[in-house]
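# Summary of the model geometry
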Protein chains: 2
Amino acid sequence: MIGVFDSGVGGMTVARAIEQVLPEYRLVYFGDLARTPYGSKSPQAICRYSLENSEFLLKKGARIIVIACNSAASVATEEIRRHFPVPVFEVITPAVDAAVNGSISGRIGVIGTRATVGSGIYEQLIRARRGDAAVFSQPCPLLVPLVEEGWLQRRETKMILRRYLAPLRDHQVDTLVLGCTHYPILKELIRRRVGKKTAIVDSSAAVARAIRSHLDADPALAATLQRDGENCYYVSDVTPAASQIASMIFGRSVPLQKVD
Amino acid sequence: MIGVFDSGVGGMTVARAIEQVLPEYRLVYFGDLARTPYGSKSPQAICRYSLENSEFLLKKGARIIVIACNSAASVATEEIRRHFPVPVFEVITPAVDAAVNGSISGRIGVIGTRATVGSGIYEQLIRARRGDAAVFSQPCPLLVPLVEEGWLQRRETKMILRRYLAPLRDHQVDTLVLGCTHYPILKELIRRRVGKKTAIVDSSAAVARAIRSHLDADPALAATLQRDGENCYYVSDVTPAASQIASMIFGRSVPLQKVD
């Protein structure tokens, strides 16, 4: 199985992309709704939660871990790799690769939670691949609560987006990385506010393609992944709002199973 | 000691009110920042966290528990009373008493998180005290993230407040209960948007007065409370934003001590 975890339901944009790109493999998802959001927590807390989540997925039979949460990916990836002997994918590196390959001017914008932007991980990885890149990062902490409220077309959401994106527009970025798994839900609104000429990199699709290439190149690993059975969606807490967002992301009702 | 807990730093508005009304007693605070916010979690999760938080305060020497979190007060008060043999105060009942006593028309508005409003607790308690009261409740889930961002004077905050408060204004409530410990920070903005004739009930002050009366009437209990030593502020996670909000609430720097 391919195991995917996130602090909540935002990572389901990643699970959906994996279902689309790798429909032949079974997937198990864990959303840590009891402790969501991670973006405002300390790196130590995020690391501890991420190890617990990975352990849960491995116990359920996962042979690949996908960290579908930028806050966790930015601070806990190395720790997870040190602890568990399975391939670990995360949403940051594939998005960075897509941005660096796609950008012409080298002026790249990144939006994310405070934890993700504060970690400086995108800037560091983009610069490592392209020394002359100019990276402009903008924390957008209100976007997750706005999405979770379902305020997708509200005037306030558009104003807040405009306020967050104006500096990136002024910096004339030609590529914008959505550094949070909730943001693909706002993709069209973001596109309109950042300018038509800016390419938007959605990490969900990027990580799904990265796993595809890895499995194509490693048939022995691919053979260990379970193919039969339904995909399972576990959460550490259940709320009506979470079920609603899950349905919105998948375009169908998704049964969430609660675990402690 | 008087023990106070909240899901985060919002409950510090209650701690500050207790410091002002009961300066002679020592206070110990616990803010569960590692699992904040509670307002979007299930009642089962909130109950479990509340019992753990109470146990921590009792171990630190608390002889009174104050639930300074509306979400926890609305679903976990009875459970805490069943488990621990100490007086348990919460922010809801004193605010309800103040609203019922103060309202002339009996048209009372309540604002809070989804968990608090969804529990129906304010409506139930107000009706129990005044059968003819008309209670209008409005969930305001974006206000906590806006306060935690420090967006206290932003146009978007004012617009969102206007949107949340318009139905209560239309219902011509003469009393509005701030059913979340973060909201006193927005009190002046709320006052301007709900109309001058509406009295605002701030639960922080109400619970501090309730504890004062209780201790005045029970000198034996008062004698068990520690008076010497500094007040302590413990949190389960430390972030720069939390320290900033704590300073904003107290008007001075407050040292937050991290515990697991």
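Now for a look at the structure at hand. Here the residue index of a chain counts from 1 through its sequence in written order. Think of it this way: whatever chain is written first is A, whatever ligand is written first is 1, and the rest follow in order. A pLDDT threshold of at least 70 governs which residues receive local features in this predicted model, and a stricter bar of 80 or more applies before side-chain atom pairs are shown or counted, although totals over entire chains, interfaces and linings include all residues. Calculated side-chain values reflect all of the structure's heavy atoms, with hydrogen atoms and water omitted.

Turning our eyes to something else, we now look at the relation of the copies chain A and chain B. Copies are brought into register by a least-squares superposition over C-alpha atoms of residues with pLDDT of at least 70 in both. The two copies are related by a screw operation: chain A maps onto chain B through 180° of rotation and 0.0 Å of translation along the axis, at an RMSD of 0.0 Å. Taken together, the rotation and translation relating the two chain copies correspond to the operation of a two-fold axis. The C-alpha atom lying nearest the rotation axis in chain A is that of R35 of chain A; the distance is 2.4 Å. In what follows, a contact means two residues having at least one pair of non-hydrogen atoms within 4.5 Å. When the interface residues of chain A are mapped onto chain B, 100% of them again fall at the interface, so both copies present the same face.

Quick look at the sheet that holds strand 5 (residues 107-112) of chain B now. All names here are of chain B. Pairing within the open sheet is parallel, and its four strands lie in the order 6-5-7-8. Only two strands of the sheet have a single neighbouring strand rather than two, namely strand 6 (134-139) and strand 8 (199-202). The average undirected angle you get between the axes of adjacent strands in this sheet is 20°. For strand 5 and strand 6, the ladder comprises six bridges, and the chain directions are parallel. Counterpart to I111 in the pairing with strand 6 is Q138. Contacts from helix 4 (residues 92-102) reach strand 5, strand 7 (175-178) and strand 8, with the element oriented near 175° to strand 7. All axes here are fitted lines through C-alpha atoms, helices being fitted over the stretch that makes contact, and every angle between N-to-C directions spans 0 to 180 degrees. Strands are runs of DSSP state E lasting at least two residues, helices are runs of H or I lasting at least four, and both sets are numbered from the N terminus onward. With respect to the sheet, helix 10 (residues 203-217) is in contact with strand 7 and strand 8, its orientation differing from that of strand 8 by roughly 60°. If DSSP finds at least two bridges between two strands, the strands pair.

Each side of the interface is counted separately: chain A has 27 residues, and chain B has 27 residues. Both sides together, the interface formed by chain A and chain B hides about 2500 Å², and carbon and sulfur atoms give 57% of it. Summed over both partners, the accessible surface that disappears when two parts come together, traced with a 1.4 Å probe, is what is meant by buried area. Interface area lost by chain A to chain B is led by L142, E149 and R163 of chain A, which between them contribute 22%. Salt bridges are defined as contacts in which a side-chain nitrogen from Lys or Arg sits within 4 Å of a carboxyl oxygen from Asp or Glu. Summed over the shared surface of chain A and chain B, the number is four salt bridges. Each polar contact in these results corresponds to two N or O atoms within 3.5 Å; when the atoms are within protein, one needs to be able to donate a hydrogen and the other to accept it, and residues that are neighboring in sequence are counted only if both atoms are side-chain atoms. Here chain A is connected to chain B by eleven residue pairs in polar contact (both at pLDDT 80 or more). Here the side of chain A that touches chain B takes six residues from helix 8 (residues 155-170) of chain A, the largest share from any one element. For the side of chain A that touches chain B, the per-class residue count stands at 14 nonpolar, four polar and nine charged. Three classes are used, and their members are as follows: Ala, Val, Leu, Ile, Met, Phe, Trp, Tyr, Cys and Pro are nonpolar, Asp, Glu, Lys and Arg are charged, and the others, Gly among them, are polar.

Residue and element names in this part refer to chain B. Among the structural elements, D216 can be located in helix 10. Burial here depends on accessible area, computed with a 1.4 Å probe over protein chains only, as a share of the maximum for the residue type. Under 20% is buried, over 50% is exposed, and the range in between is partly exposed. Classification of D216 as exposed rests on a relative accessible area of 53%. The spatial distance from the C-alpha of D216 to the C-alpha of G112 is 31 Å, given a sequence separation of 104 residues.

What follows deals with the packing of helix 8 of chain A against helix 9 (residues 187-194) of chain A. All names here are of chain A. Closest axis-to-axis distance for the helix 8/helix 9 pair is 9 Å, and the angle between their directions is 50°. Classified by the interaxial angle, the pair formed by helix 8 and helix 9 is oblique. Crossing of helix 8 against helix 9: the hand is right-handed. Counting all contacts with helix 8, which are made through T157, K158, L161, R162, L165 and R169, the residues of helix 9 involved are L189, I190, R192, R193 and V194. Throughout, the term roughly parallel applies to angles under 35 degrees, roughly antiparallel to angles over 145, roughly perpendicular to angles from 65 to 115, and oblique to all others. A clockwise turn of the near helix away from the far one marks a right-handed crossing, whereas an anticlockwise turn of less than a right angle marks a left-handed crossing.

Bringing the side chain of E156 of chain B into the picture now. Inspection of the secondary structure assignment puts E156 of chain B in helix 8 (residues 155-170). On the basis of relative accessibility, which here comes to 2%, the residue E156 of chain B falls in the buried class. Separated by 2.8 Å, the side chains of E156 of chain B and R163 of chain A make a polar contact. Each residue touching E156 of chain B, except ones within four places of it in the same chain, is listed here: M159, I160 and R163 of chain A together with W151 of chain B.

Patch definition: residues with relative accessible area over 30% and no salt bridge; like charges joined within 9 Å; nonpolar side chains (Val, Leu, Ile, Met, Phe, Trp, Tyr) joined within 5 Å. Accessible surface is estimated by sampling points in the Shrake-Rupley manner with a 1.4 Å probe; for residues, cover comes only from the protein chains shown. Counting rule applied: Lys, Arg positive; Asp, Glu negative; His and chain ends not counted. For charged residues, the charge sits on one atom: NZ in Lys, CZ in Arg, CG in Asp, CD in Glu. A grouping of R155 and R162 of chain A together with R155 and R162 of chain B is seen on the molecular surface, where their side chains present a positively charged patch. Looking at the positive patch, the elements that each hand over two or more residues are helix 8 of chain A together with helix 8 of chain B. Turning to its location among the elements, R155 of chain A is positioned in helix 8. For R155 of chain A, a relative accessible area of 52% gives the class exposed.

It is worth spelling out unusual backbone geometry at this point. All names here are of chain A. Along the chain, T36 connects to P37 via a cis peptide bond; the corresponding omega equals -5°. The backbone of Q172 sits at a positive phi, close to 50°, despite the residue not being glycine. If you trace the backbone, Q172 turns up in the loop between helix 8 and strand 7 (175-178). Taking relative accessible area as the criterion, Q172 reaches 61% and is therefore assigned exposed.

Moving on, we get to the pairing of strand 1 (residues 2-6) of chain B. Residue and element names in this part refer to chain B. The buried fraction of strand 1 is high, at five of five residues. Because side chains alternate across strand 1, one face comprises the buried residues I2, V4 and D6, and the other comprises G3 and F5, equally buried. Sheet topology places strand 1 next to strand 2 (residues 27-31); five bridges connect them, and they run parallel. Note that in strand 2 the partner of V4 across the bridge is Y29. A crossover gets the label right-handed when its path from the first strand over the helix to the second runs clockwise, viewed with the strands pointing away from the viewer. Read as a crossover between parallel neighbours, the route from strand 1 over helix 1 (residues 12-21) to strand 2 is right-handed. Pairing of strand 1 with strand 3 (residues 64-67), which is carried by four bridges, proceeds in the parallel orientation. The residue of strand 3 that forms the bridge with G3 is I65.

Right, let's talk about the pairing of strand 3 of chain B for a bit. All names here are of chain B. Along strand 3, one buried face is formed by I64 and V66 and the opposite face, lined by I65 and I67, is buried too. In the sheet, strand 3 pairs with strand 4 (residues 88-90) via three bridges, with the strands oriented parallel. Counterpart to I65 in the pairing with strand 4 is V88. One crossover worth recording links strand 3 to the parallel strand 4 by way of helix 3 (residues 70-83), and it is right-handed.

None of this, on its own, says anything about what the molecule does.
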